[in-house]
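Examination of the molecular architecture
This is what each chain is made of:
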Amino acid sequence: MSAETPAAAADQFARRRQQFRAWRGTRPFWAGLFVLLSGFPIMYFPYAHLQIGHLTLAMATTAGAGSLIIGVLLVVLGVSLWYQRHVRTFAGVAAILLALVSLPVSNFGGFVVGFLLAMVGGAMAVSWVPGSPEQEEPHRPAPVAGDDTPDGLTFDKDTRGPGTPDDLSGTSPANGANGRHSAG
């Protein structure tokens, strides 16, 4: 018998759930899941035999090997979206292209189920962007009554100019030339 109490097991479950949730939030999880799931109907239906009473209906196509390859590639792309998030654009575009190819090759893309899952998952993968952690906004001083600058900002003319870090004029501090007119 284990010495664990039910409260400790529940605490461990909650901790594992939070870890999974944190892992899931740093990658295109749902896109990978949809792309992964799309491969199974595309792989399965060309090799399936449907039994209706004593009647066997074989859905095999001449491109059964092509369907198998498309399905396996979609499964691999789905897993790679989970573990290699930097390939999300490639994997998303590849999933969309494989979904389109599966229409004529494998029984209308696994009877449209696999096709739709791959299209949605591929679009989600292409559009996913890693989130940035929330940063606190710097504290702004309250505007002074009668101040003519917006939001209480003050501008010091002596501290800004060419060569300072916040200079946006485009001139080089070395020769003072603006790069836009140097072709001359």
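Residues numbered from 1 in each chain as written. Predicted model: local features only at pLDDT ≥ 70, side-chain atom pairs only at ≥ 80, totals over all residues. Heavy atoms only, no water.

**A closer look at the pairing of strand β2 (residues 55–58)**
In the case of a regular strand, side chains alternate between the two sheet surfaces. Where strand β1 (residues 49–52) meets β2, four bridges bridge the pair, whose relative direction is antiparallel. From the neighbouring strand, Ile52 faces β2, where its bridge partner is Leu55. What sits between β1 and β2 in their antiparallel hairpin is a turn of two residues, with Gly53 showing a positive phi close to 65°. (Pairing = 2+ DSSP bridges. Helix = DSSP H or I, 4+ residues; strand = E, 2+ residues; numbered from the N terminus.)

**Overview of the nonpolar core**
Membership of the largest hydrophobic core comes to 15 residues, with the highest contact counts inside it found for Val35, Ile70, Leu74, Leu77, Leu81, Ala95 and Leu98. For this core, the elements supplying multiple residues, two or more each, are α2 (29–44), α3 (64–83), α4 (88–105) and α6 (113–127). A per-element tally of this core places α4 first, with five residues. If we ignore the near neighbours within four places in the chain, the residues touching Leu98 are Ile70, Leu73, Leu74 and Leu77. (Core = buried A, V, L, I, M, F, W, Y, C linked by side-chain atoms within 4.5 Å. Buried < 20%, exposed > 50% of the residue type's maximum accessible area, 1.4 Å probe, protein only. Contact = heavy atoms within 4.5 Å.)

**Some points on unusual backbone geometry**
You will see that Phe111, though not glycine, has its phi angle at about 55°, which is positive. Within the secondary structure layout, Phe111 lies in helix α5 (residues 107–111). Overall, the relative accessible area of 42% leaves Phe111 in the partly exposed class. One non-glycine residue, Val112, lies in positive phi territory at about 70°. Of note, Val112 is situated in the loop between α5 and α6. According to the relative accessible area criterion, Val112 is partly exposed, its value standing at 38%.

**As for the UniProt feature "transmembrane region" (unreviewed entry) in the protein chain**
Mapped onto the present numbering, the UniProt feature "transmembrane region" (unreviewed entry) falls at residues 25–45, 57–82 and 89–105. The span residues 25–45 shows a helical share of 76% and a strand share of 0%, and its end C-alpha atoms are spaced 33 Å apart. What you have in residues 89–105 is 100% helix and 0% strand, and the ends, taken at the C-alpha atoms, are 24 Å apart. (UniProt positions renumbered as here; feature names shortened; annotations may be inferred.)

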